[in-house]
Amino acid sequence: MTTLTDEQRERIRRNRERAFQIQKERKLKQEQEEQTKKRKEQEQQQQQEETPTSSKKLKSNSGNEEDRLEPFEEGASEYVTKTEAMSVYCLPEGTLAVCEDCIEKENP
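Residues numbered from 1 in each chain as written. Predicted model: local features only at pLDDT ≥ 70, side-chain atom pairs only at ≥ 80, totals over all residues. Heavy atoms only, no water.

## Remarks on the overall build of the chain
Part 1: Looking only at helices and strands, the chain has three helices and two strands in total.
Part 2: Secondary structure elements of the chain occur, N-terminal to C-terminal, as α-β-β-α-α.
Part 3: Split into buried and exposed, the 108 residues of the chain put 2% on the buried side. (Helix = DSSP H or I, 4+ residues; strand = E, 2+ residues; numbered from the N terminus. Buried < 20%, exposed > 50% of the residue type's maximum accessible area, 1.4 Å probe, protein only.)

Rendered as C-alpha cells:
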C-alpha cells in the first residue's frame, strides 16, 4: 500500500470541492427550470380561465383527436355555402367539388 503525498491529497481535496460545486450548480439550475415551468403552467391556466369561450373543443371524425375552435368558428352553423367556404376558409373550387354535396335552399 502506498501513501499519498501532500500534493496528491491537495489535488484530491480540490477535485472533491469542485465536484460538490458542480453538483450544487446543477441542482440550482434544475430547481430554477422547475420553477420557470410551474410559472408558465400557471400563466397558461390563468389565460384559459380568463377566456372560457376559446377552450371549447370540437371532436374530429376520428374521435380520438380534439381540435380547438377558432374564434370565428364559435357559434357558427355546421353548414356552409360554397362561396362562404371559398372566402372564409380559403378553399379552392376543386377541393369543394370532391366534398360531400349538401342542399342549398333558396332565400324565401
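## Focus on the pattern of salt bridges
Part 1: This model, assessed by the stated rule, comprises four salt bridges.
Part 2: Where R13 meets E10, a salt bridge forms, and the shortest distance between an N and an O atom there is 2.2 Å. Here R13 and its partner E10 are both found in helix 1 (residues 6-50), three residues apart, which amounts to about one turn of the helix.
Part 3: Assessed through its relative accessible area of 36%, R13 is described here as partly exposed.
Part 4: In this structure E10 comes out as partly exposed when scored by relative accessible area, which is 31%.
Part 5: What emerges from the salt-bridge pattern is a single network uniting E10, R13, R14 and E17. (Salt bridge = Lys/Arg side-chain N within 4 Å of Asp/Glu carboxyl O.)

## Regarding a nonpolar patch on the surface
Part 1: Residues F72, V80, V88, Y89 and L91 make up a contiguous nonpolar surface patch of roughly 400 Å² in combined accessible area.
Part 2: Its place among the elements puts V88 in helix 2 (residues 82-88). (Patch = residues over 30% accessible without salt bridge, like charges linked within 9 Å, V, L, I, M, F, W, Y side chains within 5 Å. Areas by Shrake-Rupley, 256 points an atom, 1.4 Å probe, with all protein chains shown as cover.)

## Points about the layout of surface pockets
Part 1: As a volume, the largest pocket reaches approximately 480 Å³.
Part 2: Lining of the largest pocket is provided by 15 residues; of these, E73, A76, S77, E78 and Y89 occupy positions nearest its centre.
Part 3: Here the lining of the largest pocket takes three residues from helix 2, the largest share from any one element.
Part 4: Broken down by class, the residue content of the lining of the largest pocket amounts to nine nonpolar, two polar and four charged. (1 Å grid on protein atoms, 1.4 Å probe; cavity = no way out; pocket = protein on both sides within 12 Å on 5 of 7 lines; lining within 4 Å. Points joined across faces, edges and corners; volume = space filled by probe spheres on them. Nonpolar A, V, L, I, M, F, W, Y, C, P; charged D, E, K, R; others polar.)

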